[in-house]
Amino acid sequence: MSETAQQSPHHIDVKEFHPRAQAAIHNPKIRQNFRKAMDGLMTKRKSAFEGWDLETLRDLGANIRLRALANLPDLLEQLEQKLTENGIKVHWAVDSDDACQIVRDICVARDAKSVIKGKSMVSEEMELNHYLEEQGITALESDLGEYIVQLAGETPSHIIMPAIHKNTGEISELMHEKTGTDLSHDVEYLTTAARLQLREKFMNADVGVSGVNFAVAETGTLCLVENEGNGRMTTTVPPCHIAVTGIEKVVPNLEDVTALMALLTRSATGQHITTYFNMISGPRKPDEMDGPEEVHLVLVDNGRSSIYQDNELLDTLRCIRCGACMNHCPVYTRVGGHTYGTTYPGPIGKILMPHLIGLDEGRHLPTASSLCGACGEVCPVKIPIPDLLVRLRQESVDGDKLHPAKVNGHGAKRGAMEAMVWKGWSWMHARPGAYRFGTNMAARFRKLQPGKIGGWTQFRTAPKLASKTLHERMKERGQ
Ligand code: SF4
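Residues numbered from 1 in each chain as written. Predicted model: local features only at pLDDT ≥ 70, side-chain atom pairs only at ≥ 80, totals over all residues. Heavy atoms only, no water.

> I keep staring at the overall build of the protein and nothing clicks. Help me out?
Along the backbone of the protein there are 21 helices and 10 strands. Scaling as 2.2 N^0.38, a compact globule of 479 residues should have a C-alpha radius of gyration of about 23 Å, and the protein matches this with 26 Å. Projected onto its principal axes, the C-alpha positions of the protein cover 95 × 55 × 50 Å. Expressed as a percentage of the 479 residues in the protein, the buried residues total 51%. Intrachain contacts of the protein at a sequence separation of at least 6 include 72% that bridge at least 24 residues. Just so you have it, the protein exposes about 23100 Å², and 54% of that area is on carbon and sulfur atoms. (Helix = DSSP H or I, 4+ residues; strand = E, 2+ residues; numbered from the N terminus. Rg over C-alpha atoms; globule rule 2.2 N^0.38 Å. Buried < 20%, exposed > 50% of the residue type's maximum accessible area, 1.4 Å probe, protein only. Contact = heavy atoms within 4.5 Å. Areas by Shrake-Rupley, 256 points an atom, 1.4 Å probe, with all protein chains shown as cover.)

Okay, here's the thing in structure tokens:
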């Protein structure tokens, strides 16, 4: 399995966003691959919602998520109780390391040596493949896109379509090099070749690991949305199934899933419904022929409960991971997912990752946006993404000790000089004499004003100081 070992995102320096963005902008292949894919997804989304009262549906989706979040602690308790009644073992993980260890312990208890995985962004967040490889347990991705990026030793560049940065020719070359398939542009041939290789792995895997789209508290049901059937295989063929998900994925009732599904599939891939919709409600019963002997759910916090403490930032947790904000983002569609260097790229990554990695490391994420608002307009659960970006920008420069820190790395972008200038500015504004003296001096010595003011003047012309103060102008007018 070493040829498929995944590169850990830890090798990527998130702070190096700007040089990576520059390189991506000048890479025509990346721009072409993303442009083509994103244009297709935007068109499909638009036509999938034709004839629907989209705003009412988005309101419904937003309200379902808000109601779930308002009752999150109670719902999680209810979910644990119902899952336990259904025979599913529930584990709570404080962070990624904790979650990885829980998965490892389950594998070790079963003497498991091989894991097959369905698509799960939370497992990407945990860097689970990397961790398991270090523990001597092979982990193979079975989602076609994830399988391709794993073969390439890369990480996903999109949360729904992990290998969207590659075109058919690149995928063909990769599969030829790594698995010996013929070079071909025939998508059917490549898909069949991957399916045949994976089928054997499914049969021999000791454990299946999957994500969860919605966890229903009322019934203790884990819902999984997918198109390839690999999710169904992962959760039913190996003797043990471990589902991993964030604590925010809980919804109160089964009927909530109907509206969220309608929004999720249309927003993500422009489909009215996905090919497979799995509802997992426990391990195999004595009179059943299929299914795993054991089912586990790992509920991962990893910074989510701290987001939950803040009434504004809390909106981040509404996300149903459809990827529509990325498909419509003018920055993401030009620089691609790997430029961000984070598990979740694009607009959702810009508002979620600072909580997971801190603003000191992720300081460039909230500013990698033109604030055009497209992400907020298409979000199916109406997350006010631009407002949250502005809030995180404030957090990143607000190092005032009087303001309680809400996000790790609070004030990471606050420059000493800028802080001093604003401190002096506020001191002067509170003292009329000092203000008058200061503005007088600025007008008199305006020729000494520097033409460049750091990053502010990289793309802008510096504003010129006026030759007369406001007081002088008013005096001239006799006012
Ligand atoms: S923020 Fe909204 S649009 Fe973006 S992935 Fe989440 S639900 Fe989808």
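On we go from here.
> I keep staring at the sheet that holds strand S6 (residues 221-226) and nothing clicks. Help me out?
In a beta sheet, neighbouring strands pair by backbone hydrogen bonds and run either parallel or antiparallel. Pairing is mixed across the open sheet formed by 4 strands, whose spatial order is S8-S5-S6-S9. The open sheet has two free edges, formed respectively by strand S8 (250-251) and strand S9 (276-280), since each of these has just one partner strand. Bridge count between S6 and S9: 5 bridges; the pairing is antiparallel. Opposite Leu222, over in S9, you have Ile280 as the bridge partner. Of the strands in this sheet, strand S5 (214-216), S6, S8 and S9 touch helix H12 (residues 254-269), which is tilted by about 170° from S5. (Pairing = 2+ DSSP bridges. Axes fitted to C-alpha atoms, helices over the stretch in contact; angles between N-to-C directions.)

> Would you mind showing me how to read the nonpolar core here?
Proteins that are soluble and globular tend to have nonpolar side chains buried together. Val103, Met126, Phe214, Leu222, Ile242, Leu297 and Val298 are the most contacted members of the largest nonpolar core, which has 101 residues in total. Counting contributing residues per domain, this core is built from domain 1 (56-306) and domain 2 (328-414), each supplying no fewer than three. For Met126, the residues in contact, after removing those within four places along its chain, are Ser96, Ala99, Cys100, Val103, Val244 and Val300. In this structure, Leu174, Met175, Leu190 and Ala193 belong to the second largest nonpolar core, which totals 17 residues. (Core = buried A, V, L, I, M, F, W, Y, C linked by side-chain atoms within 4.5 Å. Domains from an automatic or database assignment.)

> Looking at this model, I keep getting lost on the site of the ligand. Mind explaining?
The immediate surroundings of the ligand are formed by Cys319, Ile320, Arg321, Cys322, Gly323, Cys325, Ile348, Cys379, Pro380, Val381, Ile383 and Ile385. Counted by class, the shell around the ligand contains 10 nonpolar, 1 polar and 1 charged residues. (Near = heavy atom within 4 Å. Nonpolar A, V, L, I, M, F, W, Y, C, P; charged D, E, K, R; others polar.)

> What am I meant to see in the pattern of salt bridges here?
Close approach of charged atoms allows side chains of opposite charge to pair. Inspection of the entire model under this criterion finds 23 salt bridges. Where Lys113 meets Asp111, a salt bridge forms, and the shortest distance between an N and an O atom there is 3.4 Å. Note on Asp111: relative accessible area 56%, which makes it exposed. Where Glu248 meets Arg321, a salt bridge forms, and the shortest distance between an N and an O atom there is 3.3 Å. Of this pair, Glu248 sits in the loop between strand S7 (240-246) and S8 while Arg321 sits in the loop between helix H13 (304-308) and helix H14 (324-327); the two residues are 73 residues apart in sequence, bridging distant segments of the chain. When sorted by exposure, Glu248 lands in the same class as Arg321, which is buried. Because the salt bridges share partners, they merge into one network encompassing Glu55, Arg58, Asp59 and Lys382. (Salt bridge = Lys/Arg side-chain N within 4 Å of Asp/Glu carboxyl O.)

> So what exactly am I meant to see when it comes to a nonpolar patch on the surface here?
A contiguous nonpolar surface patch, about 460 Å² in accessible area, is contributed by Phe437, Met441, Phe445 and Leu448. With respect to the helices and strands, the residue Phe445 is situated in the loop between helix H20 (432-444) and helix H21 (470-476). (Patch = residues over 30% accessible without salt bridge, like charges linked within 9 Å, V, L, I, M, F, W, Y side chains within 5 Å.)

> Looking at this structure, how should I read unusual backbone geometry?
A negative phi angle characterises most non-glycine residues, just as the trans form characterises most peptide bonds. Of note, Arg321 is a non-glycine position whose phi angle comes to about 55°, a positive value. Of note, the phi angle at Leu371 is positive, near 55°, even though the residue is not glycine. Secondary-structure assignment places Leu371 in the loop between helix H16 (346-357) and helix H17 (374-378).

> When you look at the sheet that holds strand S10 (residues 294-300) in this model, what are you seeing that I'm missing?
An order of S1-S10-S7-S4-S2-S3 is seen for the 6 strands of this open sheet, with the pairing classed as parallel. The open sheet terminates on both sides in strands that have one partner only, identified here as strand S1 (88-93) and strand S3 (138-141). Ignoring which end each strand starts from, the neighbouring axes of this sheet average 20° apart. Of the pairings in the sheet, the one linking strand S2 (residues 114-117) to S3 comprises 4 bridges and is parallel in character. Paired with Ser114 across the strands is Thr138, a residue of S3. Contacting S1 and S10, helix H4 (residues 72-85) crosses the sheet at an angle of about 145° to S1.

> Help me out: how do you make sense of the domain arrangement of the protein in this one?
Interface extent is often summarised as the accessible area lost during association of the parts. What the domain assignment reports for the protein is domain 1 (56-306), domain 2 (328-414) and domain 3 (416-477). Centre-to-centre separation of domain 1 and domain 2, based on C-alpha positions: 26 Å. Every contact between the two is made by 22 residues of domain 1 and, on the other side, 15 residues of domain 2. Between domain 1 and domain 2, roughly 1500 Å² of surface is buried when both sides are summed, and carbon and sulfur atoms account for 57% of that area. Inspection of the domain 1/domain 2 interface yields 1 salt bridge. Here Asp59 makes a salt bridge to Lys382, at a shortest N to O gap of 2.8 Å. Linking domain 1 with domain 2 are 7 residue pairs in polar contact (both at pLDDT 80 or more). Of all the elements in the fold, those that place two or more residues in the side of domain 1 that touches domain 2 are helix H3 (54-70), helix H6 (121-126) and H12. Considering every element that reaches the side of domain 1 that touches domain 2, the biggest residue donor is H3, with 5 residues. (Buried area = accessible area lost by both parts, 1.4 Å probe. Polar contact = N/O pair within 3.5 Å; in protein donor to acceptor, adjacent residues only side chain to side chain.)

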